[in-house]
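A look at the structure
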Amino acid sequence: MSETLAILSVSAPRRLFGLSVTLGLGALLLFIAGMRPPAEPFWRFFLALLGLAMLGLAEAMRRATAQSLRLTHEGLFDTAGRRLAGIGEIEGIDRGMFALKPSNGFTLRLARPAPRAWAPGVWWRLWRRLGVGGVTSAAQARAMAEVLSALLAERAESDGGGDDS
């Protein structure tokens, strides 16, 4: 296994807040559907279904936020061993104020489209974008983005270093 260059873990207070809000919304929707039902049965069913979906999302978030992300010379991985992106697949990194990115995180531009995937509160992958962040530690995300930028600059220098034309 390759040396770990950076680790991005979940911030406990942010995890607790995110799970509490999601669970609270799910419980509130189920309460409204059961205790103060709308006049039409469709809306009662809709609210109950939405409440159950929020509880399912909270469980998915609980599982996803139990893991952290590792950056190695090979790429970005979660602690379960799932490969999110290889270093060779990353074209660039967006982490500016107006970039489309998760809270406390950054977005990687990939060379080719990858399968869609989502770990609520930690990362998402859609087409040629991989968003990292959410309930993660801001300082660790910043450090990981810096290491990734250095790796990409080093790769660009070695790829184009010998071209003097």
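Above this note sits the structure.
A short tour of the structure in this document, coming up. (Residues numbered from 1 in each chain as written. Predicted model: local features only at pLDDT ≥ 70, side-chain atom pairs only at ≥ 80, totals over all residues. Heavy atoms only, no water.)

Across the sheet, which stays open at both edges, the five strands sit in the order E5-E6-E9-E8-E7 with antiparallel pairing between neighbours. Since the sheet does not close on itself, it has two edges, and those belong to strand E5 (90–94) and strand E7 (117–119), each with one partner. Strand-to-strand, the axes of this sheet are offset by a mean angle of 15°, without reference to chain direction. Where strand E6 (residues 106–110) and strand E9 (residues 129–132) come together, four bridges link them in antiparallel fashion. Note on E9: the bridge partner recorded for Arg109 is Arg129. (Pairing = 2+ DSSP bridges. Helix = DSSP H or I, 4+ residues; strand = E, 2+ residues; numbered from the N terminus. Axes fitted to C-alpha atoms, helices over the stretch in contact; angles between N-to-C directions.)

The next subject is the pattern of salt bridges. Side chains that carry opposite charge are capable of pairing whenever their charged atoms lie near each other. Evaluated as defined, the whole model comprises nine salt bridges. Glu59 is paired through a salt bridge with Arg63; the nearest N and O atoms lie 2.8 Å apart. In this pair, Glu59 and Arg63 are both assigned in helix H2 (residues 41–64), four residues apart and thus about one turn of the helix distant. Judged by its relative accessible area of 28%, Glu59 falls in the partly exposed class. Assessed through its relative accessible area of 55%, Arg63 is described here as exposed. The shortest N-O distance in the salt bridge between Arg129 and Asp94 comes to 3.8 Å. Of this pair, Arg129 sits in strand E9 while Asp94 is found in strand E5, placing the two residues 35 residues apart along the sequence. When its relative accessible area of 23% is taken as the criterion, Asp94 is described as partly exposed. (Salt bridge = Lys/Arg side-chain N within 4 Å of Asp/Glu carboxyl O. Buried < 20%, exposed > 50% of the residue type's maximum accessible area, 1.4 Å probe, protein only.)

To continue, consider the sheet that holds strand E4 (residues 83–86). Here we have four strands laid out as an open sheet, ordered E1-E2-E3-E4, and antiparallel in their pairing. Both outer strands of the open sheet, strand E1 (4–8) and E4, are each paired with one neighbouring strand and no more. Across the sheet, the axes of successive neighbouring strands diverge by a mean angle of 15°, strand direction being ignored. Sheet analysis places strand E3 (residues 75–78) next to E4, joined by three bridges and oriented antiparallel. Bridged to Gly75 within E4 is Gly86. Against the sheet, helix H3 (residues 138–160) touches E1, strand E2 (69–72) and E3, its axis set at about 145° to E1. (Contact = heavy atoms within 4.5 Å.)

Look at helix H1 (residues 12–35) against H2: their axes get within 8 Å of each other, and the N-to-C directions meet at 160°. Comparing the axis directions of H1 and H2 gives the class roughly antiparallel. Classified by chirality, the crossing of H2 by H1 is left-handed. Its residues assigned to classes, the contact of H1 with H2 shows 17 nonpolar, five polar and three charged. (Parallel < 35°, antiparallel > 145°, perpendicular 65-115°, else oblique. Left-handed = near helix turned anticlockwise from the far one by under 90°. Nonpolar A, V, L, I, M, F, W, Y, C, P; charged D, E, K, R; others polar.)

Leu69, Leu76, Leu108, Leu130, Met144 and Leu148 are the most contacted members of the largest nonpolar core, which has 28 residues in total. Among the elements that line this core, the one with the most residues is H3, at six residues. Setting aside anything within four residues of it in sequence, one finds Leu108 in contact with Leu76, Ile90, Gly92, Ile93, Arg128, Arg129, Leu130 and Leu148. (Core = buried A, V, L, I, M, F, W, Y, C linked by side-chain atoms within 4.5 Å.)

Interpretation note: all reported values are geometric properties and have no functional meaning in isolation.
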